Amino acid sequence: MNREVQLLEAQIRECYGRVTYSHKTHEKCADMLLRRNGRIKIIQISLSAAITGGVISTFVDSGHWAAGISVAMSTILLALNSYTKDYDLGEIAQKHRYAGSELWIIREKYLSLLTDLHVGDLSVAEIRRRRDEIMDDLHSAYEGAPSTNFKAYRKAQRALKNMEDMTFSDDEIDVFLPDELKRQ
């Protein structure tokens, strides 16, 4: 492999690594937002039920304490409803899922390019052309993607480094393959 190809490979490997992290970070953002959305929905339903019970109890008894608690809970519910009105967590999570999906295919294109590079039958001009094409795809994916956050990045980092997400042993891969394609 000549020096020019080595330099291109180094750049493509770097891009592959960044896209892998971005893909996983968007997945983690989506997971976090969906969990938060689920918790908020449960709290909203619980508060609505408790407020209804408090209002009903005002008709049964003197109800002063129930009315006070109902006012406090309805204020909390109003705040939650206002938050979810302007900030649709489910929609944002879906955008993260879509961005992750776009980044997944780009990651696979980088991996295929690296594989083709190692086969050795690509010219430097072809390597550059394919690299630039993938970079254009990457730009389009990032342009429509919502922002991620540090917490999601840390979760992605933990999944990729410690949990070895996205890596498989030969034995794990062999389980999925027909006998003719197994290595063991």
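Residues numbered from 1 in each chain as written. Predicted model: local features only at pLDDT ≥ 70, side-chain atom pairs only at ≥ 80, totals over all residues. Heavy atoms only, no water.

### Here's the deal with the confidence of the model for the protein
When pLDDT is averaged across the protein, the result is 89; 97% of the residues are at 70 or more. Considering each helix and strand of the protein separately, the mean pLDDT is smallest for helix α6 (residues 170-176), with a value of 77, and largest for helix α4 (residues 124-143), with 97. (pLDDT = per-residue confidence, 0-100. Helix = DSSP H or I, 4+ residues; strand = E, 2+ residues; numbered from the N terminus.)

### Things to note about a positive patch on the surface
A cluster of basic residues, Arg 35, Arg 36, Arg 39 and Lys 151, forms a positive patch on the protein surface. With 3 residues, the single largest contributor to the positive patch is helix α1 (residues 3-60). Within the secondary structure, Arg 36 is located in helix α1. Taking relative accessible area as the criterion, Arg 36 reaches 32% and is therefore assigned partly exposed. (Patch = residues over 30% accessible without salt bridge, like charges linked within 9 Å, V, L, I, M, F, W, Y side chains within 5 Å. Areas by Shrake-Rupley, 256 points an atom, 1.4 Å probe, with all protein chains shown as cover. Salt bridge = Lys/Arg side-chain N within 4 Å of Asp/Glu carboxyl O. Lys, Arg positive; Asp, Glu negative; His and termini not counted. Charge placed at Lys NZ, Arg CZ, Asp CG, Glu CD. Buried < 20%, exposed > 50% of the residue type's maximum accessible area, 1.4 Å probe, protein only.)

### Remarks on the packing of aromatic side chains
Centre-to-centre distance and the angle between the planes together describe a pair of aromatic rings. This structure, assessed with the given rule, holds 3 aromatic pairs. Ring centres 5.3 Å apart and planes at 45° place the aromatic pair Tyr 83 and Tyr 87 in the tilted group. Ring pairing ties together the aromatic residues Tyr 21, Phe 150 and Tyr 153, which thus form one cluster. (Phe/Tyr/Trp six-rings, centres within 6.5 Å; stacked < 30°, edge-to-face > 60°.)

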